[in-house]
Amino acid sequence: FSAERDQEVVATLKGQSRGLSRLYARQIIARLERGERPPRLSRELRTATSSRIFFLEHDRLLRVGTTGLDPLPALEVDWKALDAGETIVVDDLRIAGRDDRFLASVTGIFVTDSLGPEPSIGSVGALVVARPAGEVAPIQDALRRRITTAFVAASVVAIGLALRLG
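Residues numbered from 1 in each chain as written. Predicted model: local features only at pLDDT ≥ 70, side-chain atom pairs only at ≥ 80, totals over all residues. Heavy atoms only, no water.

## Quick word on the overall build of the protein chain
The condition that has to hold: Where helices and strands are cited, they refer to DSSP runs of H or I of at least four residues and of E of at least two residues respectively, numbered from the N terminus. For each residue, the accessible area found with a 1.4 Å probe, counting protein chains only, is set against the maximum for its type, and the residue is called buried under 20%, exposed over 50%, and partly exposed in between. A contact between two residues is defined here by any heavy atoms of the two lying within 4.5 Å. Each accessible area value is a Shrake-Rupley result obtained with a 1.4 Å probe; residue values ignore everything except the protein chains displayed when judging cover.
Check the secondary structure of the protein chain and you find 5 helices and 5 strands. When its helices and strands are written in sequence order, the protein chain yields α-α-β-α-β-α-β-β-β-α. Relative to its full complement of 166 residues, the protein chain shows a buried share of 37%. Once local pairs closer than 6 in sequence are excluded, the contacts in the protein chain between residues at least 24 apart make up 62%. Accessible surface, the protein chain as shown: approximately 9900 Å² in total, 56% of it carbon and sulfur.

The structure is reproduced here in structure tokens:
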């Protein structure tokens with residue numbers, strides 16, 4: 001069950017990191033076109049996604065201080081894969097000050113017309129979306145409780161019928 005849960009959490013994290021990276025890229029492009037500095041990402045995104053969100057620096061356009069997100073200096077990623085548009089999954093992320101293991105999804109941020117990789121244009125940084133590996137999403141937890149309740153009820157009925165019918 002834990003492996004299935006981890007796969008579902010990873011799928012959610014991948015969707016979140018891809019979506020947030022594209023959203024942030026759109027905001028960066030809009031600001032740069034107006035001659036402004038790149039925007040800071042809202043820390044409320046953590047609440048909206050129920051995830052920890054970090055930033056990885058890659059080139060000189062974006063810096064951690066610009067994004068408003070915490071860095072992950074110890075995380076080393078395959079920048080060639082990120083620059084090619086791949087999303088990388090990190091299944092044993094350790095965050096300073098925390099003892100638990102995190103699952104994370106890392107997606108490059110592209111300031112291109114397509115918001116994706118283009119020949120000779122790589123990412124300007126990456127977003128890391130992470131959750132504790134042991135965390136169960138609320139929907140999964142509720143589903144597990146319902147299945148358990150239904151199983152217990154069915155077992156009681158089956159035992160009652162077996163005793164009654166002899």
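Still more to cover.
## Quick word on the environment of R101
What counts is decided by this rule: Polar contact criterion, stated in full: a pair of N or O atoms within 3.5 Å, where within protein one must be able to donate a hydrogen and the other to accept it, and residues adjacent in sequence count only if both atoms are side-chain atoms.
Among the secondary structure elements, R101 is positioned in the loop between β3 (87–93) and β4 (102–108). The exposure class assigned to R101 is partly exposed, which follows from its relative accessible area of 29%. Residues R101 and P132, 31 residues apart in the sequence, show an inter-C-alpha distance of 5.9 Å. Among the polar contacts made by the side chain of R101, one reaches the main-chain carbonyl oxygen of D91 at a distance of 2.4 Å.

## Concerning the pattern of salt bridges
Where side chains of opposite charge bring their charged atoms close, a pairing between them can arise. To be explicit about the condition: By definition, a salt bridge exists where a carboxyl oxygen of Asp or Glu is found within 4 Å of a side-chain nitrogen of Lys or Arg.
For the coordinates displayed, the defined rule picks out 5 salt bridges. Salt-bridge contacts for E36 lead to R31; the nearest nitrogen and oxygen are separated by 3.4 Å. Since its relative accessible area comes to 29%, R31 is described here as partly exposed. Note that E57 is salt-bridged to R63, the shortest N-O span being 2.9 Å. Of the residues examined, E57 reaches a relative accessible area of 34% and is grouped as partly exposed.

## Re a nonpolar patch on the surface
Keep this limit in mind: Like charges are joined within 9 Å and nonpolar side chains (Val, Leu, Ile, Met, Phe, Trp, Tyr) within 5 Å, but only among residues with over 30% relative accessible area and no salt bridge; these make up the patches.
There is a patch of nonpolar side chains on the surface, built from V157, L161 and L165 and spanning about 330 Å² of accessible area. Structurally, the position occupied by L161 is in helix α5 (residues 138–165). For L161, a relative accessible area of 47% corresponds to the partly exposed category.

## Points about the sheet that holds β4
Going by this rule: Two strands qualify as a pair provided DSSP detects at least 2 bridges between them.
Taken in spatial order, the 5 strands make up an open sheet running β2-β1-β5-β4-β3, and their pairing is mixed. Edge positions in the sheet fall to β2 (70–71) and β3, since each has one partner strand and no second.

## Remarks on the nonpolar core
Defined as follows: Buried residues of nine kinds, namely Ala, Val, Leu, Ile, Met, Phe, Trp, Tyr and Cys, make up a nonpolar core once their side-chain atoms join them within 4.5 Å.
Ranked by size, the top nonpolar core spans 21 residues in total, and within it F55, L62, I109 and L127 carry the most contacts. Contributions of two or more residues to this core are made by α1 (2–33), β1 (52–57) and β5 (125–132). Looking at this core element by element, the count peaks at 7 residues for α1. With 17 residues, the next largest nonpolar core counts A81, I88, A104 and V106 among its residues.

## What to know about the side chain of T107
Along the polypeptide, T107 turns up in strand β4. In this structure, T107 is in contact with S17, R18, S21, L82, T87, G125, A126 and L127, ignoring residues within four places of it in sequence.

## So, the pairing of β1
Here β1 pairs with β5 via 6 bridges, running antiparallel. Directly across from I53, in β5, lies its bridge partner V129. Examined bridge by bridge, β1 and β2 share 2 bridges and lie parallel to one another. Each residue of the ladder has a partner; that of F55, found in β2, is P71.

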